[in-house]
Structure formats: C-alpha cells, structure tokens
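Here is what each chain is made of, one letter per residue.
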Amino acid sequence: MSKRDYKKDVNKALSNNFLAKAMDKFAVAYRQSRKNVFEGTDLKELIGTIADEKDGAISEMDSLFDTFKENAEKKGIKIHLAKNAREANEIILEIARKGNVKSIVKSKSMTSEETRLNHFLENYDIDVVETDLGEWIIQLRGEGPSHMVMPAIHLSKEQVTDLFSDVTGKNLDPDIQTLVKVARKELRQKYLDADMGISGANFAVAQSGTIGIVTNEGNARLVTTLPKIHVALVGLEKIVPKLDNALNILNILPKNATGQKITSYVTWITGPNECKANDSGKKEMHIVFLDNGRKLMANDPDVSEVLRCIRCGACANVCPVYRMVGGHGLGHIYIGAIGLILTFFFHGRENAESLVQNCINCGACKEVCAAGIDLPTIIKNVQSKIQDEKGSPLPSTLLSKLMVNRNLFHKLLKFGKFAQKPVVGREGYLRHLPLIVSKDHNFRKLPKIADKSFRDLWDEIKYELPDPDLKVSVFAGCLQDFVYPEHLISAVKILKGQNVQVTFPLEQSCCGLPLSMLGQNDAAKKIAKQNTDAFALEDSQYILTLCGSCGSFIKKYSKMLEDSEQANLMTEKVITLSDLLFNVLKLDEKSFSEDQRKVMFHSSCHAGRGLKIDKEPREMIKKAGYCYVATEEENTCCGFGGSYSGKFPNVSSKILDMKMNSYDGKGDILVAECPGCVLQLKGGMAKNNKNVEVKHLSEILGESYKED
Amino acid sequence: MQTNVNIQDIFVKNAEAVSAVIYNVKNLEEAVSQCLKICAQKEKNSIAVPDGKISEMFKCEYRIYSEDIYENRDNIDIGFTMADAGISDTGSIVINSTDENLRIATMLSDIHVAVINKSTIVEKASDLSESLKEKMADSANYTAFITGPSRTADIERVLAIGVHGPLELHIIILEDI
C-alpha cells in the first residue's frame with residue numbers, strides 16, 4: 001500500500017470519534033485489569049519460561065511436526081501440511097468437496113484470516129458462517145477484524161443494532177444483552193445444520209496429538225462437536241512438545257489478552273471423537289498445519305523469536321498509536337506491533353512497507369509481551385530489510401551522509417540559527433513553519449535553535465576542581481547541545497556544587513538514534529564509533545546524558561560495535577541525571593530549598609522503559625523541595641518519537657492531546673528527562689495556551705539547588 | 001501448603017467471581033433434588049442426564065433424556081452432569097466429555113448443572129497434568145475446562161453472560177465420594 005493511501009486510512013481512523021472513545025476507555029481499563037490479574041505472580045519468571053519453551057519448540061519445529069503427525073495419525077486424525085495460504089485453502093476445499101459439504105460453521109481463527117479462507121470458500125458456493133460474536137458481526141459488515149481478540153471493538157452498539165435488525169427483519173433495541181441473545185438464537189440452527197466445523201487452535205501438543213482451544217462464548221465447542229467433519233487450521237509455530245508447555249501458555253494467555261484468569265472454556269481435543277452425525281459414528285477430523293513463511297522465520301536468528309507469539313493482543317492493547325487509530329489503521333490482517341512484523345512475512349513487502357513505519361518506538365509493547373519478544377527492534381529490522389530491498393528514500397540517504405560528517409553537520413546546525421531569524425517569535429518559538437512543510441505539522445510550537453550552543457558556551461562554563469569526588473563526562477546530544485543548552489548548564493551547576501569534575505569531549509556527535517529510526521544502520525554504526533572514540537580518552541567514572549533516548553541508544557553500542565572495549569566502556573558508564581543524583585551522589589533535601597509549586601511528571605519512554613528509570617526522577621522532584629503530583633498517564637508516550645512526529649504528525653498530535661488532557665489543571669510544572677518530550681509537551685502547551693510550564697528535570701533541580 | 005478446606009473456599013470464591021452459582025450438599029440424592037429445584041425455579045421442562053444410572057434417580061414430571069440426548073439436542077433446558085475435577089486457582093471444573101451425549105448436555109443446555117466431589121478439587125491446572133496426559137494418550141478424548149457460564153465482551157467491551165454455551169452454570173459440591 002502506498003504511503004499516501006496508508007496515511008488516508010490513518011487520517012480516517014483519527015477522525016472517527018466513536019473509535020477514539022472506545023480505544024481510550026479500553027487502554028485505561030486494560031492497564032488496570034492486567035495489573036490486577038497478575039497480582040502475586042512473578043511475571044518476569046513466567047515470561048522467561050514462555051520465551052524459553054517457545055524458543056525450544058521453534059528450534060525443532062520440523063521434528064515436532066513429525067512427532068505430532070505420528071501420534072495424531074495413530075489415532076486416526078488426518079494431518080496435512082500447507083506450504084502457503086493458497087494451498088491451505090485448497091486442502092480445506094478438497095476436504096469439503098469430498099464430504100459433500102454445503103455449509104460450514106467457523107470458530108475464531110486468525111490463521112484463517114491470514115489465508116483469507118472464508119473469501120476463498122465462498123467462491124465455491126459453500127456457505128461459511130462465523131460463529132464468534134465479534135467475527136460474525138464483521139463478517140456481516142464485510143470487514144476484517146480490528147483486534148485479534150475483540151474483532152468488533154471499533155463498532156458501537158447502535159451499529160450492531162442496525163446490522164442485526166437487517167438480519168432478523170425486526171426492529172431491535174440497542175441493548176447489548178438483547179443483541180447477544182439475538183446472535184445466540186440466529187446461530188443456533190446453523191450449528192445444528194452444518195456439515196463441517198472449522199476451528200483454529202491455540203496450541204498443538206506433539207506428545208499426544210492434542211489441540212487446545214481457548215474460548216469464552218462456547219461456539220468453538222459447538223463447532224467441534226456437532227458437524228460430522230472437523231478441520232483445525234493451525235500455524236506450525238503452535239506445536240509444543242508436552243501438555244505442560246501448553247498449560248504454561250494457558251497460564252498467561254487470557255490474563256495478558258483480556259485480564260481474565262482463564263476463559264470460560266478450554267477445550268482439549270485428542271483424536272476423532274464420537275460423532276453421531278457421521279454414519280461411522282466417529283468424527284472425520286483433519287488438522288491442516290500452515291507454513292506460509294514460518295519455516296523461513298524459524299531459521300532466521302534475527303526474526304525467529306517472533307514465532308514465540310501466542311496471539312494475546314497485549315502489544316496492541318498498550319500501543320499509543322493503536323490507541324489513536326485502531327486495528328484497521330495499525331494492521332493489515334494481523335494488528336498491533338506483532339502485526340507490523342507478521343505482515344511483512346505473511347503478506348509481503350507491499351502490504352508492510354507503509355505500515356511498518358507507524359511505530360513510535362516507545363517500547364510499551366515489549367514491556368507487556370507474554371513471550372518477551374523484542375518487538376521494537378524487530379520492527380526496525382524489518383524496516384531496514386524493506387529499505388535494503390527497495391532502496392532508501394532520498395532524504396534518509398542525504399541525512400545519513402550529512403550526519404556522519406560531524407563538522408559539516410554541526411556547521412549546518414549553526415547556520416540554521418541564522419536562517420531561522422525571520423521566523424522566530426518573541427518567546428523563542430518559531431512563529432510559523434516554512435510553507436513547504438504541511439499544515440499538519442503545525443500542531444505544536446517548535447523551539448528555535450539557541451543563540452549559543454552548549455559547545456560554544458563550554459569555554460565559559462568549564463572549571464577545574466582541585467580534589468573532585470567524582471569525574472563525569474557529558475554527552476550533550478543534538479537537541480540539548482543546539483536547542484536546549486540550558487538543560488545541560490543547569491546539570492553542570494549542580495555537579496560543580498557537589499564537587500564533581502565535569503568534562504565535555506568536543507569530538508562527540510549525535511548519538512545515532514535518528515539514523516537507526518530511518519533504517520540507516522550503517523551510518524548509525526559510524527556515528528557510534530565516532531562517539532566511542534571521543535569518550536575513550538576520558539578517564540571519567542560516568543558519562544552523563546540528559547536525554548533518555550540518547551542514553552537508551554548508547555546502551556546498544558556494545559552490540560552494534562561487536563563488544564569493542566571502547567563501546568563496552570561507554571555502554572557501561574552512561575547514566576541519566578536522576579540516576580546519578582539519586583543513586584550515586586545520593587543528594588537529599590538538605591541540598592535544596594523548599595518550593596511549594598506542584599510538579600507533575602512525564603516518564604520518557606526511553607528513560608522509563610529503556611533504562612528502567614522509575615522512582616529516581618519522582619524521588620528527586622520531592623527531594624528538590626517540590627510537591628510531586630501523580631497523574632494518570634505518566635508512562636504513556638508523549639507522541640514525539642523523534643522522526644515519527646515528522647512522518648505521522650496527525651497521530652503525534654492526537655497522542656499529545658491525550659497527554660495534555662491528563663495534566664490539565666493538575667499542577668504548575670511538568671517535567672521530563674528527555675528534550676524530545678520537553679519539545680513536544682512544551683510546544684503543545686504553548687500552542688494551546690495551557691497554563692502548565694514544561695521543563696527538563698535538570699532545570700527545576702537547578703532552580704532549587706543551594707549553591708553554597 | 002494449602003489445606004483442603006482453603007482450596008475449596010478459594011474454588012468457591014473464584015467460581016462465584018465468574019457468575020457460577022455454588023451449592024454444598026451431602027450426597028448425590030441431594031444433588032438431584034437441588035437440580036429439580038432449579039428446574040422448578042427457572043420454569044424449565046427438560047433435563048438431559050447422560051449418566052444412565054443417575055438418570056433413574058430423576059423421579060419427576062419433567063422430560064428426562066439420557067440415551068436419547070442426541071435425538072433431542074435442540075430441546076434441552078438443563079444439562080445435569082458429573083465433573084471429574086476442580087481447579088481452585090481459577091474456579092474451573094474439568095469434565096472428560098468424550099461421550100457425545102455428555103458433551104451436548106454441557107454445550108446445548110440453557111442451564112448447566114455440574115456435580116463435583118469436594119476431594120477432587122486441586123489448586124492449579126498443572127496439578128492435573130499427569131491424569132490429563134493419561135486421558136490424552138487414548139485414541140479419542142475430549143476434555144473441557146469450564147469456568148462460569150458462556151460470556152462475551154465483543155460489543156463495546158460490555159460483559160454479556162450467556163452467548164452460545166449455557167446461560168448459567170450451577171456447581172453442586174458433594175461432601176461424600
């Protein structure tokens with residue numbers, strides 16, 4: 001899908017008010033239900049178990065299939081292996097033909113959506129009815145599911161009422177309980193009359209040839225019991241060695257998906273069971289296993305962990321982009337973070353290329369993934385793969401060539417401060433953006449480039465201490481070096497007061513994150529090397545960054561530069577301000593004067609989730625004499641995402657609106673430990689004339705710091 | 001280590017949390033009469049009792065199906081079945097439903113009444129792992145974990161109880177074996 005068409009879909013989703021309310025309610029409710037249901041569980045251990053067991057199964061996917069097949073065929077189950085979607089559909093068609101099947105009832109199966117099974121079978125005059133309530137609703141509407149577990153979450157009860165009124169020919173009330181009973185009644189006869197039932201499976205146990213299905217409505221039980229033929233369509237990666245592995249997955253799947261301890265039904269089917277509908281008295285049972293790219297993925301170490309996915313949908317549930325646009329905006333058939341990746345492998349580059357860019361890289365998905373999949377990194381890898389195949393867009397190539405030449409890059413930024421003069425307003429914001437930039441980007445005020453960058457000011461700031469307690473080097477990062485030097489100046493002031501020697505190696509450059517986000521991995525590596533060279537000569541104990549994103553990206557240098565000694569040193573030493581002040585220097589109230597102002601906090605994604613900074617900034621706000629006010633959406637992304645807000649300004653803007661609403665009227669100041677977040681939030685508050693001052697944590701700490 | 005008493009209390013708490021209705025009785029006779037009470041209260045007419053011996057205990061004016069459950073599958077108000085085990089962690093009952101009539105009684109009835117022996121309630125699903133594996137080693141098996149009545153939140157995420165499966169689940173806990 002072209003970028004322009006994709007953006008049209010996204011914009012359409014953004015303007016859907018019902019969808020916005022539904023997704024918002026869901027995001028907030030899910031957070032709480034998930035927290036409640038995992039109370040008392042060692043979640044880290046559970047996720048570790050799932051990851052290990054799934055990795056084990058993936059590494060022996062072929063032999064597990066053989067074992068499953070052997071055990072299943074002994075019991076009379078017919079096993080098929082489909083190379084791709086088309087083959088799977090044709091195998092199922094053939095089974096239907098042989099069985100003289102005229103009508104089919106289906107229970108929910110994302111794998112059948114993947115192969116577009118219904119669509120295929122309808123061409124052959126076979127009536128296929130979805131029996132899962134949400135799936136039936138969207139089938140009647142001719143739509144695809146907008147969520148893996150709640151396919152019709154984007155629809156209002158009024159829309160469902162209209163739909164059901166058409167189906168029944170009656171004038172129905174928009175009452176949800178009534179609507180559900182309508183579905184029960186309408187579909188009951190279909191179960192009784194159907195010749196074939198098609199289901200999916202959540203797990204396939206090789207040791208006994210058993211499939212397990214996790215459901216709430218009772219439809220899968222009817223689908224697998226009443227008709228004379230049962231066909232289960234199952235992805236190869238669902239096969240696990242033993243029942244215990246399946247029970248482990250069962251222990252996390254419903255909890256992560258919907259916050260339920262367990263679903264109403266878990267059905268374990270082993271072999272062809274008694275079935276009076278068949279002359280033989282026994283069910284004709286088939287399992288069609290689907291490859292469709294899974295074998296390739298299993299053999300690719302960069303990607304194989306994606307096959308751990310247990311299809312819980314949690315990654316979509318916490319995604320700030322999904323929250324704004326829903327599944328039809330953030331998915332092709334599979335939705336959410338995992339969907340961005342699977343689309344590339346199952347549905348091809350054309351369907352994936354625009355989609356895969358709509359990731360803001362906040363890390364919320366990775367934090368909740370039941371199988372511990374590093375979704376953000378793999379999404380970036382897929383984006384890179386696509387660019388390698390297709391060739392990079394010209395702006396990305398130019399930018400990467402530019403940034404790798406540090407001197408030229410910095411000269412250009414300094415030039416920018418002159419070039420911007422005509423458009424800078426009185427308070428230091430750009431009054432308006434040049435016309436070539438679309439009006440979509442005007443949703444927040446942008447800051448100007450500072451008159452003097454931090455590196456220009458360094459000669460005035462630097463100092464020499466006779467007997468320092470600690471030595472810290474500063475990693476300035478582009479945004480604070482050239483736009484917000486005041487953040488760095490404030491931090492240095494505090495460190496000087498604490499008898500800490502600060503140094504600033506001038507050969508440092510951008511951390512490289514923007515390049516990585518644009519898929520320019522080689523250029524990012526070059527810049528990383530420049531930085532590790534620059535800091536190698538410093539004999540400091542820590543490298544201070546005031547930017548969570550820079551810090552989080554520098555932590556990757558070891559891996560990027562193959563564990564070179566310099567890279568490892570830099571990775572080890574990098575630290576945020578709150579971490580340094582709270583954990584290392586152990587600053588307390590005595591160093592600060594009291595300030596009665598109410599301070600709210602925004603947890604920058606890369607500092608919070610990336611560097612695991614949680615209590616440090618909140619505690620420092622209190623230690624620095626301010627009144628810390630907790631708010632609802634502290635850990636939700638601000639919507640900046642660096643280059644993201646340039647690519648998808650409308651989504652960025654909507655996320656920002658949601659964030660500003662959560663802070664509105666609750667406090668005087670809002671702080672974050674990342675200049676990108678400060679830019680976004682400050683610009684948004686200014687554009688919307690809100691009364692909240694947005695600052696970097698270093699600024700408020702500097703303001704109340706007692707400098708004696 | 002949890003005592004049996006604790007496990008049962010937790011079982012009841014978790015089952016009630018998902019809208020199952022719990023009764024405690026001394027023996028099977030009392031269980032049967034409780035089922036008849038439910039049938040009267042709910043103004044129902046037909047009860048499917050897949051276990052032949054137990055079906056003979058139903059002396060009443062209602063239609064009782066046993067061998068002929070399949071033939072009357074679209075007419076079952078109440079399904080009365082034994083359960084093989086319970087899981088207290090989640091408030092679930094476990095029913096080996098390989099017999100088709102038994103399956104139909106648990107799936108097509110409006111009200112499912114399940115009888116469980118107190119001593120068969122365990123703490124977690126993995127505690128049943130060995131016995132489940134034994135059953136699954138057979139050439140045909142259909143085992144169900146059932147937790148509360150059928151439900152959905154597919155419309156506007158509003159919980160609705162009673163979709164395609166039973167609208168109500170009643171669990172009768174037996175003291176005796």
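Position numbers for residues count from 1 along each chain, tracking the sequence in the order it is written. The naming scheme follows written order: chains are lettered A onward, ligands numbered 1 onward. In keeping with the predicted nature of the model, local features appear solely for residues at pLDDT of at least 70, side-chain atom pairs appear and are counted solely at 80 or more, and the whole-chain, interface and lining totals rest on all residues. Note: side-chain values were computed over all heavy atoms of the structure, leaving out hydrogens and water.

Some remarks on the overall build of chain A
Formally: Strands here are runs of E lasting at least two residues and helices are runs of H or I lasting at least four, both read from the DSSP assignment and numbered beginning at the N terminus. When we talk radius of gyration, it's over C-alpha atoms, and the globule rule is simply 2.2 Å times the number of residues to the 0.38. Buried, partly exposed and exposed residues are distinguished by accessible area as a fraction of the type maximum, computed with a 1.4 Å probe on protein chains only: under 20%, between the cut-offs, and over 50%, respectively. The contact rule is simple, with two residues in contact once any of their heavy atoms fall within 4.5 Å. Per-residue and other accessible areas were derived by the Shrake-Rupley procedure at a 1.4 Å probe size, with only the shown protein chains allowed to occlude residues. Positive: Lys, Arg. Negative: Asp, Glu. His and the chain ends are not part of the count. Charged side chains are reduced to one point each, which is NZ for Lys, CZ for Arg, CG for Asp and CD for Glu.
Of the regular secondary structure elements, chain A holds 35 helices and 18 strands. Scaling as 2.2 N^0.38, a compact globule of 708 residues should have a C-alpha radius of gyration of about 27 Å, and chain A matches this with 28 Å. Expressed along its principal axes, the backbone C-alpha trace of chain A runs to roughly 95 × 55 × 50 Å. For chain A, buried positions account for 62% of its 708 residues. When contacts within chain A are restricted to residue pairs at least 6 apart in sequence, long-range pairs at least 24 apart make up 78% of them. Carbon and sulfur atoms make up 49% of the accessible area of chain A, which totals about 28,000 Å². Computed over 95 positive and 90 negative side-chain charges, the separation of the two mean positions in chain A equals 3 Å.

Some details on the overall build of chain B
Along its length, chain B carries five helices and twelve strands. Taken against the 2.2 N^0.38 rule, which gives 16 Å for 177 residues, the C-alpha radius of gyration of chain B at 16 Å falls within 12% of a compact globule. Based on the C-alpha atoms only, the size of chain B along its principal axes is roughly 45 × 45 × 35 Å. For chain B, the proportion of its 177 residues judged to be buried stands at 58%. In chain B, of all internal contacts separated by at least 6 residues, the share reaching a separation of at least 24 is 69%.

Some remarks on the interface of chain A and chain B
Short version of the rule: Take the accessible area each of two parts loses on contact, using a 1.4 Å probe, and add the two losses: that sum is the buried area. The term salt bridge refers to a side-chain nitrogen of Lys or Arg lying within 4 Å of a carboxyl oxygen of Asp or Glu. Think of a polar contact as two N or O atoms within 3.5 Å of one another; within protein, one of them needs to be a possible hydrogen donor and the other a possible acceptor, and neighboring residues in sequence only count if both atoms come from side chains. Gly counts as polar in this scheme, as do all residues outside two lists: the nonpolar Ala, Val, Leu, Ile, Met, Phe, Trp, Tyr, Cys and Pro, and the charged Asp, Glu, Lys and Arg.
Contact with chain A, which involves 65 residues of that partner, is made by 54 residues of chain B. In total, chain A and chain B occlude about 4,900 Å² of area from one another, counting both sides; carbon and sulfur atoms represent 55% of this. If you sort the residues of chain A by the area they bury against chain B, A:Arg184, A:Arg221 and A:Lys276 come out on top, with a joint share of 14%. In this assembly, chain A and chain B are joined by three salt bridges. Residues B:Glu100 and A:Lys276 are paired through a salt bridge, measuring 4.0 Å at the closest nitrogen-oxygen approach. The tally of links from chain A across to chain B stands at 36 residue pairs in polar contact (both at pLDDT 80 or more). Counting residues per element, the ones that place at least two in the side of chain A that touches chain B are helix H2 (17-37), helix H8 (133-141), helix H9 (157-168), helix H10 (176-193), helix H11 (219-225), helix H12 (243-258) and strand S9 (265-270) of chain A. At eleven residues, H10(A) tops the list of elements feeding residues into the side of chain A that touches chain B. When its residues are assigned to classes, the side of chain A that touches chain B shows 32 nonpolar, 19 polar and 14 charged.

Brief notes about the confidence of the model for chain B
The line we're drawing: Confidence of the predictor in every single residue is expressed as pLDDT, which spans 0 to 100.
Per-residue pLDDT for chain B averages 95, and the proportion of residues at 70 or more is 96%. Predicted complex metrics record ipTM = 0.96 and pTM = 0.92.

A few points about the packing of aromatic side chains
Two descriptors summarise a pair of aromatic rings, namely the distance from one centre to the other and the angle between the planes of the rings. What counts is decided by this rule: Only Phe, Tyr and Trp rings are paired, with Trp represented by its six-membered ring, and only when their centres lie within 6.5 Å; those with planes under 30 degrees apart are stacked, over 60 edge-to-face, the remainder tilted.
One pass over the full model with this rule turns up 18 aromatic pairs over all chains. Look at A:Trp268 and B:Phe145: their rings are 5.9 Å apart centre to centre, the planes differ by 65 degrees, and that puts the pair in the edge-to-face class. With A:Trp268 in strand S9 and B:Phe145 in strand S9 (residues 141-146), this pair bridges two chains. We classify A:Trp268 as buried; its relative accessible area is 0%. Taking relative accessible area as the criterion, B:Phe145 reaches 0% and is therefore assigned buried. Members of the aromatic cluster, joined through ring pairs, are A:Tyr6, A:Tyr644 and A:Phe648.

A few points about the environment of A:Asn521
All names here are of chain A. Residue placement: Asn521 occurs in helix H25 (residues 521-536). Spatially, the C-alpha atoms of Asn521 and Lys54 are 29 Å apart, while their sequence positions differ by 467 residues. Asn521 has contacts with Ser384 and Ser516, leaving out every residue within four places of it along the chain. A polar contact of 3.0 Å, which involves the side chain of Asn521, links it to the side chain of Ser384.

Details of the state of the cysteines
All names here are of chain A. The line we're drawing: Cysteine sulfur atoms are paired as a disulfide whenever they come within 2.5 Å of each other.
Taken as a whole and judged by the stated rule, the model has zero disulfides over all chains. Cysteine Cys312 shares no disulfide, and the gap to the nearest cysteine sulfur, in Cys315, comes to 6.5 Å. Cys637 supplies the cysteine sulfur nearest to Cys605, a cysteine that is in no disulfide, at a spacing of 3.9 Å.

Digging into helix H2 (residues 28-41) of chain B
Because the α-helix completes a turn every 3.6 residues, residues three or four places apart line up on one side. Residues and elements named next belong to chain B. The condition is simple: By this rule the span expected of a helix is its residue count minus one, scaled by 1.5 Å.
For H2, built from 14 residues, the straight-helix expectation of 20 Å at 1.5 Å per residue is met to within 8% by its first-to-last C-alpha distance of 20 Å. Of all the positions in H2, only Ala31, Val32, Gln34, Cys35, Leu36, Ile38 and Cys39 are classed as buried. Buried positions along H2 lie against strand S1 (20-25), strand S2 (46-48), strand S4 (78-82), strand S7 (111-117) and strand S12 (168-174). Where H2 begins, the side chain of Asn27 points an oxygen toward the backbone nitrogen of Glu29, at a separation of 3.3 Å. Remark: Glu43 follows H2 within two positions and exhibits a positive phi of approximately 55 degrees.

A short note on unusual backbone geometry
With a phi angle near 60 degrees, A:Lys612 is a residue other than glycine that sits in the positive phi range. Counting through the fold element by element, A:Lys612 comes out in the loop between helix H30 (605-610) and helix H31 (615-623). Residue A:Lys612 is classed as exposed on the basis of its relative accessible area, which comes to 63%. Even without being a glycine, B:Ser19 presents a positive backbone phi close to 75 degrees.

Considerations on the side chain of A:Asn273
Within the element layout of this structure, A:Asn273 appears in the loop between S9 and strand S10 (284-290). There is a polar contact of 3.1 Å between the side chain of A:Asn273 and the backbone oxygen of B:Asn141. If we skip the residues at most four places from it in the chain, A:Asn273 touches A:Gly281, A:Lys282, A:Lys283, B:Thr98, B:Arg103, B:Ala140, B:Asn141 and B:Tyr142.

A look at the packing of H25(A) against helix H28 (residues 565-573) of chain A
Residue and element names in this part refer to chain A. Operational definition: Axis definition: a line fit to C-alpha positions, over the contact stretch in the case of helices; interaxial angles, taken between N-to-C directions, run 0 to 180 degrees. Each angle is binned into one of four classes, with values under 35 degrees roughly parallel, values over 145 roughly antiparallel, values of 65 to 115 roughly perpendicular, and all other values oblique.
With their axes 9 Å apart at the nearest point, H25 and H28 run at an angle of 80 degrees to one another. Our classification of the angle between H25 and H28 gives roughly perpendicular. Every residue of H28 that contacts H25 at Asn531, Thr532, Asp533, Phe535 and Ala536 is listed here: Gln566, Ala567 and Met570. Counted by class, the contact of H25 with H28 contains four nonpolar, three polar and one charged residues.

Some points on the sheet that holds strand S8 (residues 239-240) of chain A
Basically, it comes down to this: By definition, two strands form a pair when at least two bridges between them are found by DSSP.
Strand order in the open sheet made by the eight strands is S8(A)-S5(A)-S6(A)-S9(A)-S9(B)-S6(B)-S5(B)-S8(B), with mixed pairing throughout. The open sheet terminates on both sides in strands that have one partner only, identified here as S8 of chain A together with strand S8 (121-122) of chain B. In this sheet, strand S6 (residues 210-215) of chain A lies alongside strand S5 (residues 203-205) of chain A in antiparallel orientation, the contact comprising three bridges. Note that in S6(A) the partner of A:Phe203 across the bridge is A:Gly212.

A closer look at the side chain of A:Glu673
Residues and elements named next belong to chain A. The topology assignment puts Glu673 in the loop between strand S17 (669-672) and helix H34 (675-687). Comment: no salt bridge for buried Glu673; closest opposite-charge side chain is Arg618, at 8.8 Å. A polar atom in the side chain of Glu673 sits 3.5 Å from the backbone nitrogen of Leu577. At a separation of 2.6 Å, a polar atom in the side chain of Glu673 contacts the side chain of Ser578.

Quick look at the pairing of S17(A)
Residue and element names in this part refer to chain A. Stated formally: Looking down the strands as they point away from you, a crossover is right-handed if its path from the first strand over the helix to the second goes clockwise.
Going residue by residue along S17, you find Ile669 and Val671 tucked away on one face and Leu670 and Ala672 tucked away on the opposite face as well. Sheet analysis places S17 next to strand S18 (residues 693-696), joined by four bridges and oriented parallel. Looking at S18, one finds that Ala672 is bridged to His696. With respect to chirality, the unit in which S17 leads through H34 into the neighbouring parallel S18 is right-handed.

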